[in-house]
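As a plain string of letters, each chain reads:
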Amino acid sequence: MKMKQQASASSQIFLPSTSLLGKVAVITGSSRSIGASIARHMGEQGANVVVNYVNDVAAAEEVVQAIRSHGKGGAIAVRADSSTLEGGKLLLDEAVKTFGKIDILVLNAGIMGSKTLNEVDEAFFDQHFNINVKAPLFMAKAVAPLLPSPGGRIIFFSSSLTTASTVTPNALCYLATKGAIEQIARVLAKDLGSRHITVNTISPGPVDTPQFREGKAQSVLDSIAKQNPFRRLGEPDDIAPIVAFLASQAAQWITGQNIRVNGGFVV
Ligand SMILES: NC(=O)c1ccc[n+]([C@@H]2O[C@H](COP(=O)([O-])OP(=O)(O)OC[C@H]3O[C@@H](n4cnc5c(N)ncnc54)[C@H](OP(=O)(O)O)[C@@H]3O)[C@@H](O)[C@H]2O)c1
């Protein structure tokens, strides 16, 4: 009886929460698609969100208004090129200037170009590594000293294609960058873990976004959709709640992991 009382008393005290109330989250590439869904979900959980865009200010402002109208978290839109070190720094500076701190960094912005070995050139390679690897790594470096210890969160984005046998030859540079980011996340989890900051990777399967649709015929999209047991493409809202959960206190014991959110596309 005594033990039972102790257990229930301790669970009342220590039960970690999925709420993000009062947290500040910076999400690169969050005016549309997966990033926008993450921003909305985190706002619904109470976070103050920095919505990042590079072209589409109207889309970014729409996300900001959706978060503000929900009435829990605040939001601002920041134009910054997240493929450059300067853009990343600007984003972090604006977050601190507006909200006073940063708790969560989600490195979602990325490109998925399509070229085989025969077609690839240096500019294409550099473009992919700049936005998918170099800028996220240096944003992680810049944010690390600012993150709370314990409680800081860094979440990188890879792809379930890094482990799918259906990989195609034109995914050369894209998957080289995603492989690199997965390794960066593993190592940083060991490094920043000493300060009780978690570092994880989210690896979606095919998600119905403009980036994913680009250059694909409907028949190709249909055949990809059939490659998971749900027989549909993923939606941004399939991905976002998992990112919000990983950012929460409830996920304090998950670090160094690559979470494949793909409806069974790769098992
Ligand atoms: N979709 C998939 O099937 C899939 C699968 C696996 C992994 N992923 C990964 O998931 C992440 C998001 O993909 P997505 O499909 O949602 O992308 P998306 O549809 O292309 O959306 C891109 C978002 O990023 C912003 N953005 C693009 N370049 C930027 C830059 N240089 N600086 C700042 N913001 C920038 C865009 O803003 P603007 O509106 O201003 O252009 C937009 O908000 C990527 O890392 C991708 O590799 C996607």
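Heads up: the structure comes first, above all this text.
Residues numbered from 1 in each chain as written. Predicted model: local features only at pLDDT ≥ 70, side-chain atom pairs only at ≥ 80, totals over all residues.

A. Inspection of the site of the ligand at higher detail. Lining the immediate environment of the ligand, one finds 31 residues, of which Gly 29, Ser 33, Gly 110, Thr 209 and Gln 211 sit closest. Looking at the shell around the ligand, the elements with two or more residues in it are helix 2 (33–44), strand 2 (48–53) and helix 7 (210–213). Across the shell around the ligand, the residue classes tally to 13 nonpolar, 15 polar and 3 charged. (Near = placed C-beta within 6 Å. Helix = DSSP H or I, 4+ residues; strand = E, 2+ residues; numbered from the N terminus. Nonpolar A, V, L, I, M, F, W, Y, C, P; charged D, E, K, R; others polar.)

B. View of unusual backbone geometry. Looking along the chain, the bond that leaves Ser 149 and enters Pro 150 is cis, with omega of 5 degrees. Turning to its location among the elements, Pro 150 is positioned in the loop between helix 5 (122–143) and strand 5 (153–157). At Ser 33, a position not held by glycine, the phi torsion is positive, near 55 degrees. Looking at Ser 33, the number of C-beta atoms within 10 Å reads 20, which means it is buried. (Buried ≥ 20, exposed ≤ 12 C-beta atoms within 10 Å, placed from the backbone.)

C. Spotlight on the packing of helix 5 against helix 6 (residues 172–192). The N-to-C vectors of helix 5 and helix 6 enclose an angle of 15 degrees; their axes lie 9 Å apart at closest approach. Relative to helix 6, the element helix 5 is oriented roughly parallel. Note that helix 5 runs across helix 6; the crossing there is right-handed. Counting all contacts with helix 5, which are made through Phe 124, Phe 125, His 128, Phe 129, Asn 132, Val 133, Pro 136, Leu 137 and Ala 140, the residues of helix 6 involved are Cys 173, Tyr 174, Thr 177, Lys 178, Ala 180, Ile 181, Ile 184 and Leu 188. Taken together, the residues of the contact of helix 5 with helix 6 sort by class into 13 nonpolar, 3 polar and 1 charged. (Axes fitted to C-alpha atoms, helices over the stretch in contact; angles between N-to-C directions. Parallel < 35°, antiparallel > 145°, perpendicular 65-115°, else oblique. Left-handed = near helix turned anticlockwise from the far one by under 90°. Contact = placed C-beta atoms within 7 Å.)

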